[in-house]
Amino acid sequence: MNGLQRFMGGSPAQVLLRLVVISLIVGIVLSALGISPYDIIETAQQFIRRIWNMGFGAIEWIWRYFLLGAVIVVPVWLIIRLLNLGKGG
């Protein structure tokens, strides 16, 4: 299997055929749920606009949650690493 086939997961023709079939099935399901491509694009645009409008508030929000998690995660990680060091692993 050459590099392109390994990257794509098969021959380009097979991958294209699989993508077409899967896209058709997903399209039928979304249509049955009443969802259009325009709805998905509009929702994504609204999401990006909300994040943009939050500006530095979003960065502060993310930073606060990062610190909150890091207060637990980093010491636990350090303790586990030190215990593993004592085992020779």
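Since the structure is predicted, the reported quantities are computational estimates derived from the model, not experimental observations.

Novice: Teacher, can you tell me more about the overall build of the protein chain here?
Specialist: In terms of regular secondary structure, the protein chain is built from four helices and zero strands. The helix and strand sequence of the protein chain, counted from the amino end, reads α-α-α-α. Relative to the compact-globule value of 12 Å for 89 residues, the protein chain shows a C-alpha radius of gyration of 23 Å, a clear excess of over 25%. Dimensions of the protein chain, computed from C-alpha atoms along their principal axes, come out at roughly 55 × 45 × 25 Å. Taking all 89 residues of the protein chain together, 4% fall into the buried category. Carbon together with sulfur atoms contributes 75% to the accessible area of the protein chain, which is approximately 8,200 Å² in total.

Novice: What exactly am I supposed to notice about a nonpolar patch on the surface here?
Specialist: On the surface, a cluster of nonpolar side chains totalling about 640 Å² of accessible area is made up of Leu17, Val21, Ile25, Val29, Leu33, Ile35 and Ile40. Within the secondary structure, Ile40 is located in helix α3 (residues 37–54).

Novice: How should helix α4 (residues 56–86) be read in this particular structure?
Specialist: Helical periodicity: at 3.6 residues per turn, an α-helix aligns residues three or four positions apart in one direction. Compared with an ideal rise of 1.5 Å per residue, which puts 31 residues at 45 Å, α4 spans 44 Å between its outermost C-alpha atoms and is within 8% of the ideal. The sharpest bend along α4 comes to roughly 35°, located at Ala70.

Novice: Got a minute to help me understand the confidence of the model for the protein chain in this structure?
Specialist: As a general rule, the predicted coordinates of low-pLDDT regions are not to be interpreted in detail. Overall, the prediction assigns the protein chain a mean pLDDT of 86, with 97% of residues at 70 or greater. Element-level pLDDT for the protein chain is lowest in helix α1 (residues 3–8), with a mean of 76, against a maximum mean of 91 in helix α2 (residues 12–32).

Scoring rules and cut-offs
- Residues numbered from 1 in each chain as written.
- Predicted model: local features only at pLDDT ≥ 70, side-chain atom pairs only at ≥ 80, totals over all residues.
- Heavy atoms only, no water.
- Helix = DSSP H or I, 4+ residues; strand = E, 2+ residues; numbered from the N terminus.
- Rg over C-alpha atoms; globule rule 2.2 N^0.38 Å.
- Buried < 20%, exposed > 50% of the residue type's maximum accessible area, 1.4 Å probe, protein only.
- Areas by Shrake-Rupley, 256 points an atom, 1.4 Å probe, with all protein chains shown as cover.
- Patch = residues over 30% accessible without salt bridge, like charges linked within 9 Å, V, L, I, M, F, W, Y side chains within 5 Å.
- Salt bridge = Lys/Arg side-chain N within 4 Å of Asp/Glu carboxyl O.
- Expected span 1.5 Å × (residues − 1).
- Bend = angle between axes of the 7 residues up to and from the residue.
- pLDDT = per-residue confidence, 0-100.

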